[in-house]
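Inside the fold
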Amino acid sequence: MKRLLLIFPVLFGVSVVVFFLVRLAPGDPAKILAGEHASLEYIQATRTKWGLDRPLYVQYLIWLRNALSGDLGTSIATHDPVLKEILGRFPATFELSLVAMVIAILVGVTAGIISAVKQYSIFDYLSMTGALFGISMPVFWLGLMLMLIFGLHLNLLPISGRLSPDVTLRTVTGLYLLDALLTLNGRAFVDALAHLILPGIALATIPTALIARMTRSSMLEIIRQDFIRTERAKGLPERMVIYKHALRNALIPIVTVIGMEFGLLLGGAILTETVFAWPGLGRYTVDAVYARDYPAIQGAVLFIAFVFVMVNLVTDLLYAAINPRIRYR
Amino acid sequence: MFAPKEARETLRTLTKNRSAFIGFIILVIMIMVAIFPHYLAPHDPVKRNLAQRLQPGFWAGKEFAPFPLGTDYLGRCILSRIIWGTRTSLSVGFIAVAISTLLGLLLGVLSGYFGGWLDTLLMRLVDIMFAFPSILLAITIMAALGPGLEKAMIAIGIVYTPQMARVARSAVLVIREMEYIEAEKALGASHARIISHHVLPNILAPVIVYATLNTAGAILDAAALGFLGLGALPPTPEWGAMLSGSRQALTAGAWWAATFPGIAIMCAVLGLNLLGDGMRDLLDPRLRV
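Residues numbered from 1 in each chain as written. Chains lettered and ligands numbered in written order. Predicted model: local features only at pLDDT ≥ 70, side-chain atom pairs only at ≥ 80, totals over all residues. Heavy atoms only, no water.

Here we look at the domain arrangement of chain A
Residues and elements named next belong to chain A.
- Segmentation of chain A into domains returns domain 1 (2-68) and domain 2 (88-322).
- Between domain 1 and domain 2, the C-alpha centre-to-centre distance is 35 Å.
- For the domain 1 and domain 2 pair, buried surface summed over both sides reaches about 1,300 Å², with 79% attributable to carbon and sulfur atoms.
- The interface formed by domain 1 and domain 2 holds zero salt bridges in total.
- Linking domain 1 with domain 2 are one residue pair in polar contact (both at pLDDT 80 or more), by the criterion used here.
- For the side of domain 1 that touches domain 2, the secondary structure elements donating two or more residues are helix H1 (2-23) and helix H4 (56-68). (Domains from an automatic or database assignment. Buried area = accessible area lost by both parts, 1.4 Å probe. Salt bridge = Lys/Arg side-chain N within 4 Å of Asp/Glu carboxyl O. Polar contact = N/O pair within 3.5 Å; in protein donor to acceptor, adjacent residues only side chain to side chain. Helix = DSSP H or I, 4+ residues; strand = E, 2+ residues; numbered from the N terminus.)

Spelled out as structure tokens, the structure:
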């Protein structure tokens, strides 16, 4: 409960940072709003119209009040409400992150368990070397390399966007895989999946590496403990010992890492989306920075930070749920 | 700070840990390249030669040997740009981490040593900064500051500060309860003396390990900013910025323009990660991953 209440000051602080950081930027926002060749009178009128002539803290309070009621302002570049644009793009980022997370958990946990059970084997050595390379590679470069090999060289997979231009899909949730299933559109499902593979792998690399390392060290620690020796002495089959007893206890730190990584995926998505021209929130944020579209930057950063805080909260609660030794008061 | 004997001791322990040693060697080579690029680079890294754009390198035959790793879309020598880029990328990494380490130490030590409302305030501040994915915070700061290498150093330095503050704080919390600190206090030592003589030297080990690992992260983040066009400004040779135009180069068939700068980034980051992991194993075997 206390943990829940703690997020309010954090979110408040986040809003202060986002608002003032973006307003710190050089350049007069009224001039940017009015356009490049606007007359002085028009700039002045714009300033009054948007309340930019009022003290900064008043502007902040107005912005915060609007943000709380779901109004993140209007994009300078497109003149659309920022929240509408963000919500339109969020499913793309969410779907990509989910796919990356599934890949990372499947590959990472499996590799970690095998490495721990067969410590110092060839597999252990190779997967830990692979993990080290995984965390040392720039995400965007890996994206470019995947694109080069599988997209351009072998011509196996599409390298940009979410769907091929000739494939139509009626959007229901914005998650294309789910939409294709809901509308029983097999062709769109295959096409959307093909588009997800390369960016999904690129985005999954770092979390996979970290999860594999965490799983391995966590499993190694548990395997050496007395109760596992007892289980073995009782004559329990090795597979039961590993999966039923060791893995369950090793899971606690693994879940924490997975939760942390899911938040970090949102950051990684910014780069992956740029490489693969993925129409998500990360790409939107970067475009807003290029266009100096301040309401859009503020809105997008606030939204991503909000999701990040929420994911961390859920992780903490999950952590408490699977580990009875930790209880938040 | 280290007596020569201790330095030798440290070096000897380091060589015993194979991965740390490899990391150390990679780092030394990188630093050498960063110090002496003018002796190593075959060409001027910023000189354009449009007649020679997107030329392949040594693999295409003898006549392409003047540009061993080929040329980019402006006909600049990729090898020379990578060599000069070592200086850019390493300095961004080191300076950003120096900023974050100094700031983080200051905040963490004050927070951990004095505790109370100061601790609460500073740690809430750290919580707020942790509410942003690091690259997003860096991008937002760059949006406020405008592009440029020095600004990227500041942005990344700020981004890595909260983590360092937490590391320093938790180390201080342990030291603070030690009996010798109690003894110093009883002898009437000032806070400044206790901090500088007893607290700082004893928290140095985790701080150095995290500084090393953070340098790896800082180089990656600087490259990411460069890639997004928010870091080093053209024509500065910087590894990330070298990759930013390479999507077009890829579709034009010039794979080398996109491949080699990434390998350079990976080598530097790999070296620092190996060194950092190795040092962590030495200092705290329990944390071995």
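With respect to the interface of chain B and chain A
- Chain B puts 40 residues into the contact, and the matching count from chain A is 48 residues.
- Buried area between chain B and chain A, both sides added, is near 3,900 Å², and the carbon and sulfur share of it is 81%.
- For the pair chain B and chain A, the interface holds one salt bridge.
- On inspection of chain B and its partner chain A, the count reaches five residue pairs in polar contact (both at pLDDT 80 or more).
- Those elements giving two or more residues to the side of chain B that touches chain A turn out to be helix H5 (116-130), helix H6 (134-145), helix H9 (191-227), helix H11 (246-251) and helix H12 (255-283) of chain B.
- If you tally residues by element for the side of chain B that touches chain A, the top one is H12(B), at twelve residues. (Contact = heavy atoms within 4.5 Å.)

Let's talk about the state of the cysteines
Residue and element names in this part refer to chain B.
- Applying the stated criterion to the full structure yields zero disulfides over all chains.
- Looking at the unpaired Cys 77, the closest cysteine sulfur is the one in Cys 267, lying at 17 Å.
- Its relative accessible area of 1% is what places Cys 77 among the buried residues.
- According to the relative accessible area criterion, Cys 267 is partly exposed, its value standing at 32%. (Disulfide = S-S within 2.5 Å. Buried < 20%, exposed > 50% of the residue type's maximum accessible area, 1.4 Å probe, protein only.)

Examining the environment of B:Thr251
- Mapping B:Thr251 onto the fold places it in helix H11.
- Using a relative accessible area of 56% as the deciding quantity, one classes B:Thr251 as exposed.

Quick look at the packing of helix H7 (residues 139-153) of chain A against helix H9 (residues 186-223) of chain A
All names here are of chain A.
- In the contact formed by H7 and H9, the axes pass within 9 Å of each other and the chain directions differ by 145°. As H7 packs across H9, the resulting crossing turns out to be right-handed. Contacts between H7 and H9 pair Val 139, Leu 142, Gly 143, Leu 146, Met 147, Phe 150 and Gly 151 from the former with Leu 198, Ile 201, Ala 202, Thr 205 and Ile 206 from the latter.
- A per-class count over the contact of H7 with H9 returns nine nonpolar, three polar and no charged. (Axes fitted to C-alpha atoms, helices over the stretch in contact; angles between N-to-C directions. Left-handed = near helix turned anticlockwise from the far one by under 90°. Nonpolar A, V, L, I, M, F, W, Y, C, P; charged D, E, K, R; others polar.)

Brief notes about a nonpolar patch on the surface
Residues and elements named next belong to chain B.
- A cluster of nonpolar side chains, contributed by Val 28, Ile 31, Met 32, Ile 35, Phe 36, Tyr 39, Leu 40 and Phe 94, occupies part of the molecular surface with about 740 Å² of accessible area.
- Mapped onto the nonpolar patch, the elements with two or more residues apiece are helix H2 (18-35) and helix H3 (37-40).
- Top element by residues in the nonpolar patch is H2. It accounts for four residues.
- Checked against the element boundaries, Leu 40 lands in helix H3. (Patch = residues over 30% accessible without salt bridge, like charges linked within 9 Å, V, L, I, M, F, W, Y side chains within 5 Å. Areas by Shrake-Rupley, 256 points an atom, 1.4 Å probe, with all protein chains shown as cover.)

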